[in-house]
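# Fold and contact review
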Amino acid sequence: MGEPDSRAADAGALSPEAVDVYGRVTRHEHIDPERDARALADLAEWGLVSTDPRLPHLPIALDPQEAGRRRLDDELRRMAAKAELAARIPQITDELSLHFERAKWRSGRGSEFLGEPELVDARIEQAVGRARAELLTAQPCGPRTEAQLAAVEERDRAALARGVHIRSLYLDTTRDDAVTRAYVSAMTGRGAQFRTQVTQFQRCVVIDRRQAFISDHVVNSAPGDASWHVRDRAVVAFIAEVFEECWRRADPWNGDPHSGAPRSAGSGGTRTTLLQREILRDMARGIEQRLTAQRLGIGLRSLSKEVQTLRELFGASTLQELTYQWALSDERLIDDRPPHHGQATA
């Protein structure tokens, strides 16, 4: 007899030794319970022999056909169970994948995905409640309700009382909302600063330049209010600089109503907006309007309208004359750079 097939043995087939012992049992030959113990165990598992504990050297051979049918029934049941498990594997992996994907979203200690609006609000409230130096907020989603602003006002008043410097950025259309105007007016009187921007910007909340909350752009199936809580210092610093870029070209707002009337040269005080000064500075440097519009995040048409307004404001008939008038203007000396985040803001 050749070498036993290991694959057959692995599949549960009888070993040649067990087959040999079974033949000896049927012939009533001598069986050594110790030497043949393994073969006897295999035969007993198959149901091919029965052994009286009092007479271990005299096992009794059983019908192999009956034993085979029982063995086949057992194997079929095991195969059916395995087939059922195999059929459930895709469902199981789908369920587990949800947990795995959420673990990936959290990306360790650097950022955490917050899918529920209530969780986002609670986490922001907790972070702002611990702010010690600075709070930056960019709110491009339009006016909030009176109840929402009342809750924010209470939170921000407490932060201001702790010496936290607050700067908030809104869309220019928010100036038309009476509730927001009242809130901004009240908070400006307490030291908070507000500005508005005509063009769209990204929503964010930055606390002490150590943590930030930003809108979700990763989980496509997430609700619109889903956010990421970011703690990575490098990423938070980048988010803060994006805010500063928007802040630098936005217009100050102390709660006054929106006015579409252009400021005239004879109105006194500063005549140009931050955005207009950025355009004029680029013109003085000879930078193409296309590049200026790209840097400022506005369209060429919007930039052209601003340039036309500036020509009327300075009484310039050409771009060259406008550039010349700007060079002579005291507003060219206005420093629009944001204060260092470690210093107090006016």
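Residues numbered from 1 in each chain as written. Predicted model: local features only at pLDDT ≥ 70, side-chain atom pairs only at ≥ 80, totals over all residues. Heavy atoms only, no water.

## Concerning the sheet that holds strand 8 (residues 211-215)
- If you walk across this open sheet you meet the 8 strands as 3-9-8-7-4-5-6-10, and the pairing is mixed. What marks the edges here is a single partner per strand, and that holds for strand 3 (111-114) and strand 10 (251-252).
- When strand 7 (residues 204-207) meets strand 8, the two strands line up antiparallel, connected through 4 bridges. Bridging from a neighbouring strand, Ile-207 pairs with Gln-211 of strand 8. (Pairing = 2+ DSSP bridges. Helix = DSSP H or I, 4+ residues; strand = E, 2+ residues; numbered from the N terminus.)

## Here's the deal with helix 7 (residues 178-189)
- Compared with the 16 Å implied by 1.5 Å per residue over 12 residues, the 17 Å span of helix 7 between its first and last C-alpha is a close match.
- When helix 7 is considered as a whole, its buried residues turn out to be Thr-180, Tyr-183, Val-184 and Met-187. Relative to the axis of helix 7, the buried residues are bounded by an arc of 95 degrees and lie together on one face.
- Residues of helix 7 that are buried make contact with helix 6 (146-161), strand 5 (165-171) and strand 6 (193-197).
- Trailing helix 7 by a residue or two, Gly-191 shows a phi angle of about 115 degrees, which is positive. (Expected span 1.5 Å × (residues − 1). Buried < 20%, exposed > 50% of the residue type's maximum accessible area, 1.4 Å probe, protein only. Arc of directions from axis to C-beta. Contact = heavy atoms within 4.5 Å.)

## Regarding the packing of aromatic side chains
- Under the defined criterion, the tally for this structure stands at 5 aromatic pairs.
- Between Tyr-170 and Trp-253, the ring centres sit 6.3 Å apart and the planes meet at 85 degrees, which makes this aromatic pair edge-to-face. Placement of the pair is Tyr-170 in strand 5 and Trp-253 in the loop between strand 10 and helix 9 (274-284), with a sequence separation of 83 residues.
- Judged by relative accessible area, which is 2%, Tyr-170 ranks as buried.
- The class of Trp-253 is buried, set by a relative accessible area of 3%.
- Here Tyr-183 and Phe-194 contribute two aromatic rings whose centre-to-centre distance is 5.7 Å and whose plane-to-plane angle is 75 degrees, an arrangement assigned as edge-to-face. Of the two residues, Tyr-183 sits in helix 7 while Phe-194 sits in strand 6, which places them 11 residues apart along the sequence.
- Judged by its relative accessible area of 4%, Tyr-183 is buried.
- Residue classification places Phe-194 among the buried positions, given a relative accessible area of 3%.
- Above the face of the Trp-247 ring, Arg-167 is positioned so that its terminal group lies 5.2 Å from the ring centre. (Phe/Tyr/Trp six-rings, centres within 6.5 Å; stacked < 30°, edge-to-face > 60°. Lys NZ or Arg CZ within 6 Å of the ring centre and 35° of its normal.)

## Quick word on the pattern of salt bridges
- Applying the stated criterion to the full structure yields 29 salt bridges.
- Close ionic contact of Arg-77 with Asp-74 constitutes a salt bridge, the shortest N to O distance being 2.2 Å. Residue Arg-77 and its partner Asp-74 are both found in helix 4 (residues 64-106); the two are separated by 3 residues, about one turn of the helix.
- Across the salt bridge formed by Glu-134 and Arg-167, the nearest N and O atoms sit 3.3 Å from each other. Of this pair, Glu-134 sits in strand 4 (residues 134-139) while Arg-167 sits in strand 5, and the two are 33 residues apart along the sequence. (Salt bridge = Lys/Arg side-chain N within 4 Å of Asp/Glu carboxyl O.)

## Here's the deal with the environment of Pro-140
- Among the structural elements, Pro-140 can be located in the loop between strand 4 and helix 6.
- Classification of Pro-140 as buried rests on a relative accessible area of 11%.
- Remark: the alpha-carbon pair of Pro-140 and Tyr-170, spanning 30 residues in sequence, is separated by 5.8 Å.
- Not counting chain neighbours up to four residues away, the residues in contact with Pro-140 comprise Leu-171, Gln-200, Phe-201, Gln-202 and Arg-203.

## A short note on the layout of surface pockets
- The computed volume of the second largest pocket comes to approximately 720 Å³.
- Along the walls of the second largest pocket sit 31 residues, with Asp-121, Gln-139, Arg-144, Gln-148 and Arg-203 positioned nearest its centre.
- The leading source of residues in the lining of the second largest pocket is helix 5 (residues 117-129), at 6 residues.
- Classifying every residue of the lining of the second largest pocket by side-chain character gives 15 nonpolar, 9 polar and 7 charged. (1 Å grid on protein atoms, 1.4 Å probe; cavity = no way out; pocket = protein on both sides within 12 Å on 5 of 7 lines; lining within 4 Å. Points joined across faces, edges and corners; volume = space filled by probe spheres on them. Nonpolar A, V, L, I, M, F, W, Y, C, P; charged D, E, K, R; others polar.)

## A short note on the pairing of strand 4
- Here strand 4 lies mainly inside the structure; 6 of its 6 residues are buried.
- Burial along strand 4 is two-sided: Glu-134, Leu-136 and Ala-138 facing one way and Leu-135, Thr-137 and Gln-139 facing the other are all buried.
- Across 6 bridges, the pairing between strand 4 and strand 5 is parallel. Within strand 5, the position partnered with Leu-135 by the bridge is Ile-166.
- Chirality of the crossover, the property in question, places the unit of strand 4, helix 6 and strand 5 among those that are right-handed.
- Where strand 4 lies against strand 7, 4 bridges are found, and the strand directions are antiparallel. In the sheet register, Leu-135 faces strand 7, and the bridge partner there is Ile-207. (Right-handed = clockwise from strand over helix to strand, strands pointing away.)

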